[in-house]
Amino acid sequence: MLNASLSPSSTELVINVLAMVLEEGKPLDRAYSHHFSGLKLAPSEQARITYVTGDLLRRLNFYCHLADISTDEITRMGSRLLNAWHMANQLPIPKLQYTLAIEEDDFNQRLEAAKQQEVLFDGCPEWLNTLGQQQLGDDWAKERAALAQAPKRYLRVNPLKTDREDLAKRLAKEGVETREVPGVPSALEVISDAALFRTECFKQGLFEQQDAGSQHVAAAVGAEPGMRVIDACAGAGGKTLAIAAQMQGKGRLLAMDVEQWKLDNLKQRARRAGAHNVETRIIASSKTIKRLKLSADRVLLDVPCSGLGVLKRNPDAKWRDTPERLPVLVELQKEILQSYSRMVKVDGILIYATCSIMPQENRQQVDAFLAANPHFSFIDDETVSVADSGFDGFYLARMKRTAISA
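Residues numbered from 1 in each chain as written. Predicted model: local features only at pLDDT ≥ 70, side-chain atom pairs only at ≥ 80, totals over all residues. Heavy atoms only, no water.

Undergrad: Mind showing me how you'd approach unusual backbone geometry here?
TA: Across residues other than glycine, the phi torsion is negative in most instances, and most of the peptide bonds are trans. Phi is positive for Q90, which is not a glycine, with a value near 55°. Inspection of the secondary structure puts Q90 in the loop between helix 5 (74-88) and helix 6 (104-115). Positive phi is not limited to glycine here, since Q248 has a value of about 55°. Its location among the elements puts Q248 in the loop between helix 13 (238-246) and strand 6 (252-257). Using a relative accessible area of 49% as the deciding quantity, one classes Q248 as partly exposed. (Helix = DSSP H or I, 4+ residues; strand = E, 2+ residues; numbered from the N terminus. Buried < 20%, exposed > 50% of the residue type's maximum accessible area, 1.4 Å probe, protein only.)

Here's what the structure looks like:
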């Protein structure tokens with residue numbers, strides 16, 4: 001929560017980032033990288049910019065309603081949107097050279113009207129509200145409200161190099177305030193506006209920035225030293241590194257993905273973390289999967305998904321082509337689950353995971369897979385609720401291979 005207005009230069013940066021995301025279709029993290037590159041911003045000011053930008057995207061239709069503009073007028077009327085944000089947060093209007101003022105009476109009327117419309121007040125587009133109601137019923141309202149809140153910052157302690165108490169002490173010496181997260185023994189919550197990636201603790205590989213919910217999913221893999229484990233949709237490797245820590249560097253951990261640049265990033269992170277048992281492999285074709293048939297004690301499938309559980313952290317997904325992409329993603333999930341499950345050995349465990357809270361991507365996929373593959377048996381599953389946990393939203397299911405095939 002800000003307690004002072006943005007500076008004129010920071011206000012302009014917010015408008016430019018929004019324009020790049022909404023009008024050019026760039027992902028939010030890349031828009032930040034583009035606009036922050038080369039700037040010598042204080043960590044506190046960068047945090048302020050990302051806070052305001054994130055809040056605007058989480059509740060974009062709400063703030064556009066207050067500003068009386070449409071979502072495609074951000075570049076032309078960005079100052080009016082920022083003025084509405086400051087007024088809604090009871091902060092003085094930034095002193096820009098050119099600005100579009102808002103009448104206070106009109107603003108107050110629009111604010112009162114928005115308070116009577118929960119969907120608008122939560123910044124939820126109609127397509128998402130319809131989907132949420134269809135998928136989650138009465139539980140959707142609390143999830144919708146939780147997804148409109150700012151995300152917290154969490155770290156995963158790297159037990160290959162330190163423990164939670166020692167890391168907290170070391171970070172405190174570098175000006176980073178943290179506190180323990182109940183129920184997630186690997187996690188620390190960051191409670192100060194610190195530049196985490198400039199700390200010596202980060203450079204030494206003592207932690208990774210990772211949501212506590214994501215850490216919970218990685219813990220469910222239950223990898224042990226000496227196992228052969230495959231993270232088949234590894235991406236940049238946040239869960240891969242958590243699994244490597246479970247294995248204490250012993251055994252073989254194969255991280256796979258269809259994009260080489262993600263695996264290249266993972267290699268760098270693994271070196272920093274001291275995760276020496278991580279091996280990366282590009283999925284060049286279906287033959288890559290066939291060669292690993294019946295080879296793994298654990299296979300994690302953190303499949304491509306809608307990201308509708310992590311909208312606090314990636315709010316730009318609300319305003320993209322997500323509804324059009326969703327059926328395609330659901331079909332892709334089904335294909336990955338069917339194909340990649342072949343890598344699990346008899347008595348091995350398959351872990352299916354998404355960063356979505358929608359059953360059509362989660363339990364419905366698992367039930368369909370089990371019906372078609374009776375040589376797998378259901379163990380358990382869990383949905384990490386955004387509203388109940390305060391974390392990002394995730395789903396995981398564990399299944400055991402009981403025979404080579406049906």
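Undergrad: How should the pattern of salt bridges be read in this particular structure?
TA: Pairing is possible between side chains of opposite charge, provided their charged atoms come close. Summed over the entire model, instances satisfying the criterion amount to 26 salt bridges. With a shortest N-O distance of 3.3 Å, E180 and R164 are connected by a salt bridge. Of the two residues, E180 is situated in strand 2 (residues 178-180) and R164 in helix 10 (residues 164-173); the sequence distance between them amounts to 16 residues. Of the residues examined, R164 reaches a relative accessible area of 17% and is grouped as buried. The residue R272 makes a salt bridge to E208 at a minimum N-O spacing of 3.3 Å. Residue R272 is found in helix 14 (residues 260-273), and its partner E208 is found in strand 4 (residues 207-209); the two are separated by 64 residues along the sequence. Overall, the relative accessible area of 7% leaves E208 in the buried class. Members of the salt-bridge network, linked through shared partners, are D68, D106 and R110. (Salt bridge = Lys/Arg side-chain N within 4 Å of Asp/Glu carboxyl O.)

Undergrad: I would appreciate a short explanation of the pairing of strand 1 (residues 153-157) in the present structure.
TA: Side-chain direction in a regular strand flips from residue to residue, so the side chains alternate between the two faces of the sheet. Within strand 1, 4 of the 5 residues are buried, which leaves it mostly tucked inside the rest of the structure. Pairing of strand 1 with strand 4, which is carried by 3 bridges, proceeds in the antiparallel orientation. In the sheet register, V157 faces strand 4, and the bridge partner there is F207. (Pairing = 2+ DSSP bridges.)

Undergrad: Would you explain the packing of helix 1 (residues 8-22) against helix 3 (residues 43-58) in this entry?
TA: When two helices pack together, you describe them by how their axes are tilted relative to each other and by the distance separating the axes. Running from N to C, helix 1 and helix 3 cross one another at 45°; their axes reach a closest spacing of 10 Å. With respect to helix 3, the axis of helix 1 lies oblique. By crossing handedness, the relation of helix 1 to helix 3 is classed as right-handed. Of the residues in helix 3, those in contact with S10, L13, V14, V17, L18 and L22 of helix 1 are E45, I49, V52, T53, L56 and L57. (Axes fitted to C-alpha atoms, helices over the stretch in contact; angles between N-to-C directions. Parallel < 35°, antiparallel > 145°, perpendicular 65-115°, else oblique. Left-handed = near helix turned anticlockwise from the far one by under 90°. Contact = heavy atoms within 4.5 Å.)

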